[in-house]
Amino acid sequence: MLCEKYIKISKSLNYSPHVRFLAFQSYLTSPYLFRQLNSQSLCFDNRIVADIGTGIGILPYLLKDKNAEKIIGIDTDKELLNTANSLTEDKNLYFICANGFNIPVKDSVFDIIFIRYVLQHINLSGDFLIEVKRVMKDDGILVIIDIDDELNLFYPDLPKSSKNLFKIYSEYQKLKGGDRFISRKLPSFLATNGFRDIEAKPYTTTFFKEKDNGFNFSGVSNAFLLIQNELELVKNDLFNERLIGVVEFHKGLNDYFNFLNSTDDLFVSKTEFVITGKK
Ligand SMILES: C[S@@+](CC[C@H](N)C(=O)[O-])C[C@H]1O[C@@H](n2cnc3c(N)ncnc32)[C@H](O)[C@@H]1O
């Protein structure tokens, strides 16, 4: 049901490209997220849970039937939160507009805090985790899910132009204070900020497309649409910052489409990490 709502939003021109992209990403990644959440053996009964940088609230929705007392999605973006709110009537889900650097709740409120695909975008100074720790109960659990781009594997190798485009996107994210190689750094970052019992588990998603199977609406084509939507959102910035030219940009994207659509065998694998720590 939920997935249907998300795919509808991703296709509807009533929403901004930003909302549509997150709806599509939420739709595509929800099965993996569901598995990641279930494999953590976390108990949600009567717990107060936060999801910092919740976007349109995919994570709260997946947890809504787990008997948590409250699940609070926090984000700085009102438009995303309005969309999140419009998708639910569940009484234990709340969405609040706030910055993760300054969360408007008293000390020691949350039993479990999630942060998914957020830290790759922000300037990760100690302040963020100090604030996260402040709002966690003693023994509370922090669960971070994020990427490390070096673990994206392709066989055959990506076309040069696409590799260049992705490298430039990564540099752009770095210019904005983010980091697409964040996962490997998080365990020591948590330790430095006083978290304990730190664990990092890799989750790999793999697509294999067999020769002559053509381009269809399978995992591989969705992977193309997702990156296309993501790059479309930032392309004007990339051009304005003179990181890449219009022609190079479209060649990189086009070659990636043809690469995925080729009649050869294709192997694509992407690994992200679930990193946990206790206060
Ligand atoms: C890529 S989205 C991930 C959304 C969601 N966690 C998910 O898994 O679909 C990153 C989100 O983090 C939010 N965000 C970025 N910096 C933030 C901050 N300092 N405090 C709260 N939210 C933030 C953005 O508005 C955006 O919704």
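Residues numbered from 1 in each chain as written. Predicted model: local features only at pLDDT ≥ 70, side-chain atom pairs only at ≥ 80, totals over all residues.

**Student:** How should I be thinking about the environment of D237 in this particular structure?
**Tutor:** The residue D237 is located in helix α8 (residues 219-240) in this model. D237 gets classed as exposed once you count the C-beta atoms within 10 Å, which come to 12. D237 sits 33 residues away from K270 along the chain, and the two C-alpha atoms are 26 Å apart. (Helix = DSSP H or I, 4+ residues; strand = E, 2+ residues; numbered from the N terminus. Buried ≥ 20, exposed ≤ 12 C-beta atoms within 10 Å, placed from the backbone.)

**Student:** Looking at this structure, I do not really get the pairing of strand β3 (residues 93-97). What am I missing?
**Tutor:** It is a general feature of regular strands that their side chains alternate between the two faces of the sheet. Relative to β3, strand β2 (residues 70-75) runs parallel, the two sharing 5 bridges. Residue pairing across strands places I74 opposite I96, the latter belonging to β3. (Pairing = 2+ DSSP bridges.)

**Student:** Where do I start with helix α2 (residues 17-38) in this structure?
**Tutor:** Along an α-helix, a turn takes 3.6 residues, which lines up residues three or four apart on a common side. In this model, α2 (22 residues) spans 31 Å end to end at C-alpha, consistent with the 32 Å of a helix rising 1.5 Å per residue. Maximum bend of α2: about 55°, positioned at S30, with proline P31 one to four residues after it. Regarding α2, the residues found buried are V19, R20, F21, L22, A23, F24, S26, Y27, L28, L33 and Q36. (Expected span 1.5 Å × (residues − 1). Bend = angle between axes of the 7 residues up to and from the residue.)

**Student:** Which parts of the structure should I look at to understand the packing of helix α6 (residues 160-175) against helix α9 (residues 246-260)?
**Tutor:** Axes are the key here: two packed helices are described by the angle between their axes and the distance separating the axes. Where α6 meets α9, the closest approach of the two axes is 7 Å, and the angle between their N-to-C directions is 120°. In terms of axis orientation, α6 runs oblique to α9. Crossing geometry of α6 relative to α9 is assigned as left-handed. In this structure, α6 uses S161, S162, N164 and L165 to contact α9, whose residues at the interface are E248, F249, K251, G252, L253, D255, Y256 and F259. Along the lines of polarity and charge, the residues of the contact of α6 with α9 split into 5 nonpolar, 4 polar and 3 charged. (Axes fitted to C-alpha atoms, helices over the stretch in contact; angles between N-to-C directions. Parallel < 35°, antiparallel > 145°, perpendicular 65-115°, else oblique. Left-handed = near helix turned anticlockwise from the far one by under 90°. Contact = placed C-beta atoms within 7 Å. Nonpolar A, V, L, I, M, F, W, Y, C, P; charged D, E, K, R; others polar.)

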